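Observations on the model geometry
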Amino acid sequence: MPSPSEAGLIRQGASVLAHAIAAGEVSAEEVTRAHLDRIAEVDDRVHAFLEVVGESALASAVEVDRARASGEQLGPLAGVPIAVKDVMAMRGVPTTCGSRILEGWRPPYDATVVERLRAAGVVILGKTNMDEFAMGSSTEHSAYGPTRNPWDLERIPGGSGGGSAAALASFEAPLAIGTDTGGSIRQPAAVTGTVGVKPTYGGVSRYGLVALASSLDQAGPCARSVIDAALLHSVIAGHDPRDSTSIDAPVPDVVAAARRADVRGLRIGLVRELTGDGYQAGVSQRFAEAVAILEGLGAQVVEVSCPHFDYALGAYYLILPAEASSNLARFDGMRYGLRVGDDGERSVEDVMSLTREAGFGAEVKRRIMIGTYALSSGYYDAYYGQAQKVRTLITRDFAAAFEQVDVLVSPTTPTTAFRIGEKVDDPLAMYLNDIATIPVNLAGNAAMSLPIGLAPEDGLPVGLQIMAPPMADDRLYLVGAALEAALLDRWGHLLIEEVPSL
Amino acid sequence: MTSPTAYDAAIAGFEPVIGLETHVELSTASKMFCSCSTEFGADANTQVCPVCLGLPGSLPVVNRAAVESTIRMGLALNCRIVPWCRFARKNYFYPDMPKDYQVSQYDEPLCIDGYLDVTVDTDDGPRQFRVEIERVHMEEDTGKLTHAGGATGRIHGADYSLVDYNRAGIPLIEIVTKPVVGTGTLAPLVAKAYVTELRDLMRALGVSDVRMEEGSLRCDVNVSLNRPGDPWGTRSETKNVNSLRSVERAVRSEIERQADVLSSGGRIVQETRHFHEDTGRSTSGRSKEQAEDYRYFPEPDLLPVAPDAAWIDELRATLPELPALKRARLQQEWGISERELQSIVNAGALEQVAAAVAGGVDPAAARKWWTGELHRIASDRDLELADVPVTPAQIARVESLVASGSLNDKLARQVFEGIANGEGDVDGIVAARGLAVVSDDSALLEAIDEALAAQPDVAEKIRGGKVQAAGAIVGAVMKATRGQADAAKVRELLLGRLGVSE
Ligand SMILES: [Zn+2]
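In this text the structure is predicted, and so the values were computed from the model without any measurement.

1. Here's the deal with the overall build of chain B
Along chain B, the regular secondary structure elements total 17 helices and 14 strands. Considered along the principal axes of its C-alpha atoms, chain B spans approximately 95 × 55 × 55 Å. Intrachain contacts of chain B at a sequence separation of at least 6 include 68% that bridge at least 24 residues. For chain B, the centre of its 54 positive side-chain charges and the centre of its 74 negative side-chain charges are spaced 2 Å apart.

Set out below in structure tokens:
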């Protein structure tokens, strides 16, 4: 059997590559080199990566090849390259969170997710671009410049995890790690024609994930197919004693669910509050078609109402800034990262202020100020307290809905990818991108976005969101894989194959 | 310095209301939220990890032993242990705090509504007061700042400051009293007795070794004054009160200061004051108007603490005999008065006396030595009584030598000095220092003859009937025998030698 060409290698999915490596058809080193070459070739145009760790990637790949040669049992993703969002601590590798304030910081430790990737023989290629401290929906808020959408380089790749999504869509990596606080995995997946999953809160350890909003943040898998996402999900998920909010229970068998890919008899709910006027015509059209396909596959589709979802955005933009204002306090120039104004004369307070003034971007400052205000004495009950009540109501809406149906679906985003610069000066317009993804973060349950076609009016990818109850992440894969298979039948290929060549 | 008249005048015109907030470091092996050692005295920044350094991405995990210690302390203080409570973040910027927030408890403390009975000496005998406990909660300590250069020893004006984060994250409990009223002139003594009792309680429970010289117990003292019949006055909070003596002094000096202000028609400002060990006075810190807003909110990185009834019962069963009950028992066993017991307690010698009695020493003798010579040795050498290296067996031996006439009290003191110097055991020190009482007549007569020969004119006066001149010769003999002779015996032999009688 001829060895796959380099061009062929980068277009393969993770499960295919892992199989070929395990079978000795291709070495992990060759696979890694192919992706490093691809990054060298296209990333000056895409700007998905902030840091590429070529040497250590090759060393990891060589180690996988050695293990295979000596007959050791390889994990299901051994030798497969991955891109990691720059919000995950990685020993000795610059970790900036897209911010100037962390410039030069090299963590002395690995995040649990990174540890698990290494243990599984997954080859880390580098760190991907993001909105500063994960605040944004376009990656335009990165201090290191925006990432571009491989479908149209003038458009945004979503955010905050635009770098990870763009790396997948430009074939720089077959897998990526994202983090999702209000949609930062799902919204980039939707606008780049890729698959992204926000697991149940507590499903994947947050240890080493630089916190934006601790009660909302969740790391998850990004890939170009549902099965690849499932394989990655099963590598990174599971209890971690170093994260008190990590769930001490068996991980749902997401890989088996992705392989089963069967929705017969499943009850699927359309969330009334997540459709309608605010949604682009092509988004609504593709969504309706996908729902019809699911129905055709044997699912029962009903409409359900989650009345408090209308308040989700407001509650989210109080809880997130409140937690963020506290989480980001530690960036004060005293211990690591940027320090400004330390001339031997200025006071510690002045150096802290000057450092934060220079080190944080406008969106970060905006949210720190909102959060500081929301937690202030005399305002706490009216803002943070009320927002927590809304959160409880949204959780109850989900619970009630999941008594009627097994999963809920909605469009992932109201629109397809917008143009770079189009919304960057309009925070409210930017915040509305996450209207459909935020309720899940507030309630802590699981959700996936997968591509369901191109919007006829602009030829850009549209995503469908599947939402499952807490710790029922397997249902996402059951439904997602069934829909993906039906679309594959219809098109003869995955949607990502239609991305223009760079 | 404190003038008794100023204090008496203050108390004659005003009634004090006091309150105490006491922070104590728990003696757990590891820190509150990580596994770093809590050992005191290590090189700076050697007992640190990503968690207690607050590195981006790190997460806290509650130390179960610290929760246990807090519950046991709460039980010993007759508190109710709440079934569910949370940690909270206290947000403020300071370089000794790695995260720029402290993980503490705010409106949901673990233990509430208890009391502690304390006894103070009065002219009318010991008097008991009940100090009501508002709350006992858990929190983490900050790092330790050392300011170099500058005149004040404070951060402002320092040339530079060094931070040691070994202390950051050490578990603390904070014990807060309700306002203590009705103590009148005894307020400073009640405050001191309360902190002493707390210290003894914590040592008895083994939850803290309360090394005050290492700063492991720190008090904030609240004081207000009101004229009899008036509502309570405005209170001040004096911080940095770090010894038992200082607690008493801080209350006393604040009563004097406030009385002075009020008597001259002034107004008390609600403010934080800093206590100075050297002067026994406090200086004004920041006023309430400038007070920080700590923006407390529930710590999202930690799960609620929810001790179940079975666990609390289990911990209740581990409580040792509490100090107050133990004192009552010992007083009875030793057959001493309450005042005598109080003198032992005031000398801080209860444990030592009890150990000596258990080691076979007569209770009266044990009390005599531990509140007398041994207490003096401790204060001369600036030691805690517990650190005076004298065993019950050694006290028993000294006591038997005194009883048999071989030693007098003065020589016994030298024996104890010798033991404290590490010169060996009782009999060895007696022999090496030649401390046996000189009772051999021939040796004494030799010394008397020498003294008479050296002072012939005095000898002549005595022979002539001036018996009162004998003192000079007796003194010379005592000096020659280095105090080892019995003075009465010398006088008797001298008069016999010269053939005169009294
Ligand atoms: Zn530590």
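After that view of the structure, there is still more to cover.
2. Brief notes about the overall build of chain A
Each helix and strand in chain A was counted, giving 17 helices and eleven strands. Relative to the compact-globule value of 23 Å for 502 residues, chain A shows a C-alpha radius of gyration of 21 Å, a close match. Taking the principal axes of its C-alpha atoms as reference, chain A extends roughly 70 × 50 × 45 Å. Expressed as a percentage of its 502 residues, the buried residues of chain A come to 63%. The long-range fraction of contacts in chain A, counting pairs at least 24 apart against all pairs at least 6 apart in sequence, stands at 76%. Taken together, the 41 basic and 62 acidic charged side chains of chain A have centroids lying 2 Å from each other.

3. A word on the sheet that holds strand 3 (residues 88–91) of chain B
The strand order 4-3-14 (chain B) describes an open sheet built from three strands, whose pairing is antiparallel. One side of each edge strand has no neighbouring strand; the edge strands of this open sheet are strand 4 (101–104) and strand 14 (297–298) of chain B. Relative to strand 14 of chain B, strand 3 of chain B runs antiparallel, the two sharing two bridges. Looking at the pairing, B:R89 lines up with B:F297 of strand 14 of chain B. Helix-sheet contacts for helix 11 (residues 312–327) of chain A involve strand 3, strand 4 and strand 14 of chain B, and the interaxial angle to strand 3 of chain B is about 60 degrees.

4. Concerning empty space enclosed by the protein
Throughout the structure, instances matching the rule amount to seven cavities of 30 Å³ or more. In this structure, the largest cavity is lined by 28 residues; those nearest its centre are A:R330, B:V51, B:S58, B:K99 and B:Y101. In terms of residue count, the dominant contributor to the lining of the largest cavity is strand 4 of chain B (three residues). Residues that form the lining of the largest cavity fall into these classes: 15 nonpolar, six polar and seven charged. Quantified by volume, the second largest cavity comes out at close to 90 Å³.

5. Digging into the interface of chain A and chain B
Contacts between chain A and chain B engage 39 residues on the former and 33 residues on the latter. Among the residues of chain A in contact with chain B, A:S244, A:R330 and A:R335 are the three that bury the most area, contributing 23% of the side total. Linking chain A with chain B are two salt bridges, by the criterion used here. Of the charged contacts, one joins A:R335 and B:D100 as a salt bridge, the two residues approaching to 3.7 Å between their closest N and O atoms. It is helix 11 of chain A that provides the largest number of residues to the side of chain A that touches chain B, a total of five residues. Across the side of chain A that touches chain B, the residue classes tally to 19 nonpolar, eleven polar and nine charged.

6. Things to note about the packing of helix 12 (residues 409–421) of chain B against helix 13 (residues 426–433) of chain B
All names here are of chain B. At their nearest, the axes of helix 12 and helix 13 sit 9 Å apart, and the two run at 110 degrees to each other. The angle between the axes of helix 12 and helix 13 places the two elements in the roughly perpendicular class. Along its contact with helix 12, which presents Q414, V415, E417, G418, I419 and N421, the element helix 13 presents V426, I429, V430 and R433. For the contact of helix 12 with helix 13, the residue count by class is five nonpolar, three polar and two charged.

7. Focus: the sheet that holds strand 5 (residues 195–198) of chain A
Residue and element names in this part refer to chain A. Strands sit in the order 1-3-2-4-6-5-10-11-9-7-8 across an open sheet of eleven strands; the sheet is mixed. In this open sheet, the two strands that pair with only one neighbour each are strand 1 (49–52) and strand 8 (300–304). Direction aside, the axes of adjacent strands within the sheet are offset by 25 degrees on average. Where strand 2 (residues 81–85) meets strand 3 (residues 123–128), five bridges bridge the pair, whose relative direction is parallel. Counterpart to K85 in the pairing with strand 3 is T128.

8. Some words on the coordination of the zinc ion
Residue and element names in this part refer to chain B. With distances of 2.3 to 2.4 Å, the protein atoms coordinating the zinc ion are C34 (SG), C36 (SG), C49 (SG) and C52 (SG). Bound by four donor atoms, the zinc ion shows angles of 101 to 116 degrees at the metal and therefore tetrahedral coordination geometry. In primary sequence terms, the donor set of the zinc ion follows C-x1-C-x12-C-x2-C. In terms of burial, C34 and C36 fall into one category: buried.

9. A closer look at the domain arrangement of chain B
Note on interface size: it is often stated as the accessible area lost on association of the parts. Under the domain assignment, chain B is made up of domain 1 (4–316), domain 2 (323–432) and domain 3 (441–498). When each unit is reduced to the centre of its C-alpha atoms, the spacing between domain 2 of chain B and domain 3 of chain B is 35 Å.

10. Observations concerning the environment of B:A354
Residues and elements named next belong to chain B. Residue placement: A354 occurs in helix 8 (residues 350–358). When the C-alpha atoms of A354 and A259 are compared, they prove to be 43 Å apart, with 95 residues separating the residues in sequence. The residues touching A354, leaving out its near neighbours within four places in the chain, are L330 and W334.

11. Observations concerning the side chain of B:N222
Residues and elements named next belong to chain B. With respect to the secondary-structure elements, N222 resides in strand 10 (residues 217–226). Here the side chain of N222 touches R235 through a polar contact of 3.4 Å, side chain to side chain. Apart from the residues lying within four places of it in its own chain, the contact partners of N222 are V17, I18, G19, E21, R235, S236 and E237.

12. Topic: the pairing of strand 11 (residues 236–241) of chain B
Across a regular strand the side chains alternate sides, sitting on one face of the sheet and then on the other. Residues and elements named next belong to chain B. Where strand 10 lies against strand 11, four bridges are found, and the strand directions are antiparallel. Within the sheet, the bridge partner assigned to V221 lies in strand 11 and is T238. Bridge count for strand 11 against strand 12 (residues 271–276) is four bridges, and the pairing is parallel. Bridge pairing in strand 12 places T238 opposite R273. Between strand 11 and its parallel partner strand 12, the chain crosses via helix 4 (residues 244–263), and the hand of that crossover is left-handed.

13. Remarks on the packing of aromatic side chains
Residue and element names in this part refer to chain A. Under the defined criterion, the tally for this structure stands at 19 aromatic pairs over all chains. Centroid distance F133 to F331: 4.8 Å. Interplanar angle 40 degrees. Geometry classified as tilted. Of this pair, F133 sits in the loop between strand 3 and helix 6 (162–169) while F331 sits in the loop between helix 11 and helix 12 (348–359), and the two are 198 residues apart along the sequence. The same class applies to F133 as to F331, namely buried.

14. Some words on unusual backbone geometry
Along the chain, A:G159 connects to A:S160 via a cis peptide bond; the corresponding omega equals 10 degrees. You can see A:S160 is positioned in the loop between strand 3 and helix 6. Residues other than glycine seldom take positive phi values, yet A:H47 does so here, at roughly 55 degrees. Relative to the elements of secondary structure, A:H47 occurs in the loop between helix 3 (28–46) and strand 1. Not every positive phi belongs to a glycine, and B:D113 is a case in point at roughly 55 degrees. Structurally, B:D113 is set in strand 5 (residues 111–122).

15. Here's the deal with the pattern of salt bridges
One pass over the structure, following the stated rule, counts 62 salt bridges over all chains. The salt bridge partner of A:D240 is A:R242, with a shortest N-O separation of 3.6 Å. Among the residues examined, A:R242 registers a relative accessible area of 29% and is labelled partly exposed. Put simply, B:D313 and B:R316 hold a salt bridge, and the shortest N to O gap is 4.0 Å. Remark: B:R316 and B:D313 occur in helix 5 (residues 309–316); sequence separation between them is three residues, near one turn of the helix. Overall, the relative accessible area of 46% leaves B:D313 in the partly exposed class. The class of B:R316 is partly exposed, set by a relative accessible area of 44%. Taken together, the shared-partner salt bridges connect B:E373, B:R376, B:D380, B:R381, B:R413 and B:E417 into one network.

Parameters at a glance
- Residues numbered from 1 in each chain as written.
- Chains lettered and ligands numbered in written order.
- Predicted model: local features only at pLDDT ≥ 70, side-chain atom pairs only at ≥ 80, totals over all residues.
- Heavy atoms only, no water.
- Helix = DSSP H or I, 4+ residues; strand = E, 2+ residues; numbered from the N terminus.
- Contact = heavy atoms within 4.5 Å.
- Lys, Arg positive; Asp, Glu negative; His and termini not counted.
- Charge placed at Lys NZ, Arg CZ, Asp CG, Glu CD.
- Rg over C-alpha atoms; globule rule 2.2 N^0.38 Å.
- Buried < 20%, exposed > 50% of the residue type's maximum accessible area, 1.4 Å probe, protein only.
- Pairing = 2+ DSSP bridges.
- Axes fitted to C-alpha atoms, helices over the stretch in contact; angles between N-to-C directions.
- 1 Å grid on protein atoms, 1.4 Å probe; cavity = no way out; pocket = protein on both sides within 12 Å on 5 of 7 lines; lining within 4 Å.
- Points joined across faces, edges and corners; volume = space filled by probe spheres on them.
- Nonpolar A, V, L, I, M, F, W, Y, C, P; charged D, E, K, R; others polar.
- Buried area = accessible area lost by both parts, 1.4 Å probe.
- Salt bridge = Lys/Arg side-chain N within 4 Å of Asp/Glu carboxyl O.
- Parallel < 35°, antiparallel > 145°, perpendicular 65-115°, else oblique.
- Donors = N, O, S within 2.8 Å, 3.2 Å for Na, K, Ca; no water.
- Tetrahedral: all angles 85-135°; square planar, octahedral: opposite > 155°, others 65-115°.
- Domains from an automatic or database assignment.
- Polar contact = N/O pair within 3.5 Å; in protein donor to acceptor, adjacent residues only side chain to side chain.
- Right-handed = clockwise from strand over helix to strand, strands pointing away.
- Phe/Tyr/Trp six-rings, centres within 6.5 Å; stacked < 30°, edge-to-face > 60°.

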